[in-house]
Amino acid sequence: MTNAQPSFMRGYQRLDFRELRRRARTHAEVLRCAADAGRAVAEVLHWDELRSQTHTMWNCARLYHTVDSTSESARAELQFWNTHTGDIAEIDATFGAALLACPQKRALEETFGRQISRLAQCDGATATRNATSLFDEEAHLVGRYHELTSETVADIRGAAFNVLKVRKLLDSPDPSLRHQAWTIRERFCRDHGDELDHIFDRLVAVRTQIARAASLTSYVQFGHLLRRRIGYSAQDVERFLTNVEDHLVPLAHAQMVRKRERRDDGELRLWDEEAPPSGAASTIALAPSEALSALSRLLSEVHPEFVQFMETMTSEKLFDINSRPGKAGLCQCWVLPDARLPFVVAQMDGTPRDVWSLLHECGHAFHAYRARHVPLMDYIWPTSDGAELGAGGLTYLCMGNTSQFFGEHAQIEEKKEHERLLLSILRGAHMERFQHAVYSRPSISSRERREMWAALERVYFPWRQYPAAFPALREGAGFALIPHLFAWPFSGLDFALASVSVQFHRRAKHDRRQAAADYVALCDLGGTRSFVELLETGNLDSPFEAGTIRDMAAYLASVLEA
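Quick look at the structure, then. (Residues numbered from 1 in each chain as written. Predicted model: local features only at pLDDT ≥ 70, side-chain atom pairs only at ≥ 80, totals over all residues. Heavy atoms only, no water.)

1. What about the overall build of the chain?
A tally of helices and strands in the chain yields 25 helices and five strands. Computed over its C-alpha atoms, the radius of gyration of the chain comes to 23 Å, within 12% of the 24 Å expected for a compact globule of 562 residues. In terms of principal-axis extent, the alpha carbons of the chain reach across some 75 × 55 × 55 Å. Taking contacts inside the chain between residues at least 6 apart in sequence as the whole, the part at least 24 apart equals 76%. For the chain, the computed accessible surface area is about 22000 Å², with 48% contributed by carbon and sulfur atoms. Measuring between centres, the 66 positive side-chain charges of the chain sit 1 Å from its 74 negative side-chain charges. (Helix = DSSP H or I, 4+ residues; strand = E, 2+ residues; numbered from the N terminus. Rg over C-alpha atoms; globule rule 2.2 N^0.38 Å. Contact = heavy atoms within 4.5 Å. Areas by Shrake-Rupley, 256 points an atom, 1.4 Å probe, with all protein chains shown as cover. Lys, Arg positive; Asp, Glu negative; His and termini not counted. Charge placed at Lys NZ, Arg CZ, Asp CG, Glu CD.)

2. Quick notes on the pairing of strand β4 (residues 332–336)
The element β4 is largely enclosed, with a buried count of five among its five residues. On β4, burial covers both faces: Gln332, Trp334 and Leu336 on one face and Cys333 and Val335 on the other are all buried. Note: β4 against strand β5 (residues 341–348), five bridges, orientation antiparallel. Along β5, the bridge assignment pairs Trp334 with Phe343. The loop that links β4 with its antiparallel partner β5 comprises four residues; one of these, Arg340, has a positive phi angle of about 55 degrees. (Buried < 20%, exposed > 50% of the residue type's maximum accessible area, 1.4 Å probe, protein only. Pairing = 2+ DSSP bridges.)

3. Regarding the environment of Ala76
Mapped onto the elements, Ala76 comes out in helix α3 (residues 72–82). Under the relative-accessibility criterion, Ala76 is labelled partly exposed at 33%. Along the sequence, Ala76 and Ala61 sit 15 residues apart, while their C-alpha atoms lie 9.1 Å from each other.

4. Some thoughts on unusual backbone geometry
The phi dihedral of Arg228 is positive, around 55 degrees, even though this residue is not glycine. If you trace the backbone, Arg228 turns up in the loop between α10 (219–226) and α11 (234–262). Phi is positive for Asn539, close to 55 degrees, though the residue is something other than glycine.

5. Considering the pairing of strand β1 (residues 152–156)
The pairing of β1 with strand β2 (residues 159–162) spans four bridges and is antiparallel. By the bridge assignment for β2, Ala154 is matched with Phe161. Counted along the chain from β1 to the antiparallel partner β2, the turn is two residues long, and its residue Arg157 has a positive phi close to 55 degrees.

6. Brief notes about the nonpolar core
Ranked by size, the top nonpolar core spans 134 residues in total, and within it Trp81, Leu248, Leu295 and Phe319 carry the most contacts. At 12 residues, the largest contribution of residues to this core is made by helix α2 (residues 37–67). Ignoring any residue separated from it by four or fewer positions in sequence, one finds Leu295 in contact with Met310, Phe319, Leu358, Leu359, Cys362 and Phe405. By size, the runner-up hydrophobic cluster in this structure holds 59 residues, among which are Leu170, Phe479, Leu481 and Ile482. (Core = buried A, V, L, I, M, F, W, Y, C linked by side-chain atoms within 4.5 Å.)

7. Structural notes on the packing of helix α23 (residues 503–524) against helix α25 (residues 548–560)
At a minimum axis separation of 11 Å, α23 and α25 run at an interaxial angle of 60 degrees. When the axes of α23 and α25 are compared, the pair comes out oblique. Here α23 and α25 pass one another in a crossing that is left-handed. Contact residues: α23 offers Gln503, His505, Arg506 and Lys509, while α25 offers Thr548, Asp551 and Tyr555. (Axes fitted to C-alpha atoms, helices over the stretch in contact; angles between N-to-C directions. Parallel < 35°, antiparallel > 145°, perpendicular 65-115°, else oblique. Left-handed = near helix turned anticlockwise from the far one by under 90°.)

8. A look at the sheet that holds β4
An order of β3-β5-β4 is seen for the three strands of this open sheet, with the pairing classed as mixed. Looking at the sheet topology across the chains shown, the edges are occupied by β3 (319–322) and β4. Neighbour to neighbour, the strand axes of the sheet diverge by 15 degrees on average, direction disregarded. Those strands touched by α2 are β3, β4 and β5, and its axis lies near 150 degrees from that of β4.

9. A short note on the side chain of Ser117
Residue placement: Ser117 occurs in helix α6 (residues 115–125). Given a relative accessible area of 2%, Ser117 falls into the buried group. Setting aside residues up to four positions removed in sequence, Ser117 forms contacts with Leu99, Leu100, Lys105 and Glu109.

10. Some points on the packing of α2 against α3
Look at α2 against α3: their axes get within 8 Å of each other, and the N-to-C directions meet at 140 degrees. Judged by the angle between their axes, α2 and α3 are oblique. Once α2 is placed against α3, the crossing between them reads as left-handed. Together, Thr54, Met57, Trp58, Ala61, Arg62, Tyr64 and His65 of α2 and Ser73, Ala74, Arg75, Glu77, Leu78 and Trp81 of α3 make up the contact between the two elements. The residue inventory of the contact of α2 with α3, partitioned by class, reads seven nonpolar, three polar and three charged. (Nonpolar A, V, L, I, M, F, W, Y, C, P; charged D, E, K, R; others polar.)

11. A few points about the packing of aromatic side chains
According to the stated counting rule, one finds 30 aromatic pairs in the structure shown. When the centroid spacing of 6.2 Å and the interplanar angle of 50 degrees are considered together, the rings of Phe17 and Phe80 count as tilted. Note that Phe17 is positioned in helix α1 (residues 17–32) and Phe80 in helix α3, a separation of 63 residues in sequence. For the residue pair Phe17 and Phe80, the accessibility class agrees, reading buried in each case. Seen from their ring centres, Phe306 and Phe309 are 6.3 Å apart, and the 75 degrees between their planes marks the pair as edge-to-face. Within this pair, Phe306 and its partner Phe309 are both found in helix α13 (residues 305–315), separated by three residues, close to a single helical turn. (Phe/Tyr/Trp six-rings, centres within 6.5 Å; stacked < 30°, edge-to-face > 60°.)

12. Side note on the pattern of salt bridges
Summed over the entire model, instances satisfying the criterion amount to 49 salt bridges. In this structure, Glu267 and Arg269 form a salt bridge, with 3.9 Å as the shortest nitrogen-oxygen distance. Glu267 gets classed as partly exposed once you look at its relative accessible area, which sits at 43%. One continuous salt-bridge network, built from bridges that share partners, spans Arg167, Asp171, Glu274, Arg353, Glu417 and Arg420. (Salt bridge = Lys/Arg side-chain N within 4 Å of Asp/Glu carboxyl O.)

13. Observations regarding the environment of Trp488
Positionally, Trp488 belongs in the loop between α21 (483–487) and α22 (492–497). Take Trp488: its relative accessible area is 27%, and that puts it in the partly exposed class. Between the alpha carbons of Trp488 and Thr395 there is a distance of 22 Å; along the sequence they are 93 residues apart. Residues in contact with Trp488, not counting those within four places in the same chain, are His146, Arg227, Leu330, Gln332 and Pro483.

14. What to know about helix α12 (residues 288–302)
Between its first and last C-alpha, α12 extends 21 Å over 15 residues, near the 21 Å set by a 1.5 Å rise per residue. Here α12 has its buried residues at Ala291, Leu292, Ala294, Leu295, Leu298, Leu299 and Val302. Each buried residue of α12 lies within a common arc of 165 degrees when the element is viewed along its axis, so the set occupies one face. (Expected span 1.5 Å × (residues − 1). Arc of directions from axis to C-beta.)

Take a look at the structure:
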């Protein structure tokens, strides 16, 4: 990747932000004063074209750095955009404020749906004054974190690993590899602890200033508005988190007790927590091209609409799933609004976890692909909570068909993925509680922040014990291993809420065709509906309804105990 720019960079160019700001102000003024519906609709479309071009170039630069963080060219482009994130935030907020003030707002809702006003309300509430430099500093800090975590930390059996990629070894059938992975994580937190604390300290301080520049009392409010959470309240979220603690934490604890009892020595060490059951697949012997072929076959069995999707994704080279040094350890799906196409970044190192990550990102991609016909850029990609319904939904629809990847181990691997789902919900709740505490008390010290993380870890992972050889993790440094806390604050709640998409698997056991049809219908809406409305379209029970999490716990228990 260092010798040539990837194909998605064709047509890429830096933009003139002085000209962009001028055009944004002009569009905003026209929209505020639109005398008739036709003029207002036309102005929204002109505005959307401007924003689409801006976000396409921005996403290309960030994606370029993701697939090759060692490239000087990629670093230079990211640096350029990092100095203009405040401008982008200002331009986007300007649109929200102008739309809300438009005398033709009702006509706009009739043309584009109510979601356009609801998104504008979120954007308007996060509008800031004189905060451009704060957004730029935030972007630089996040970029430094990504560079730090993308550096190779170990060569394991001929493969280069950074501290994020090494996480996939935590469920290796080889206990020595699992122990090595935890040791690498501990060493990373210890060796880079001061810089990681500094980055996070500054992020908390900068984000608190951003919230105050938007006249909000804390970044907790700002963060939830930034993620455009629509249709449910803080009380709904609190009820959900309480239900997780009441129903899913005890289930996970009981699962770990059973796992400990099955072990010959009757002990469950830190590195045995995610150990796979006997008979699980140890590796996936598929080259990246073979993995894409297997993925195409698998998806074609789920629903015929996936055939064209995979043909487009492969012919347009919209997958980057090769693992290599310098590539970020994250799996992600990006959208390039001008092309109205998604781009999937994954890591195929031969582990079973790679398959599930690839399916998750393909769920995001399919959601965006099905919405490519919608009129507005904001409607291609759903709000962050709704986006996770598309990602998780595909994963669970594919269960029962994964022999394309796992062969005779498929049933055991699917059971293992249910356990991983359970633990991921706990992680999401843990992250949410931690961030609420951190951003509500932004002046606390790094030491107090680590103590807070450790205390909450004992709530959500009560069985976990760190041995003396892992002092940094035992004292709460593990938050630094979660990129979402640095780059996408409050996103853990999105994963946890969208875990209800596991209902697609339960329903597919009885009527796969209808479950798949409901999933496609959900994706067809893209971002034109809120999270709650997408649940209704997919015929999924809401995580906020009484009994949903209790029923999920019962279902997961039946799968895990089978």
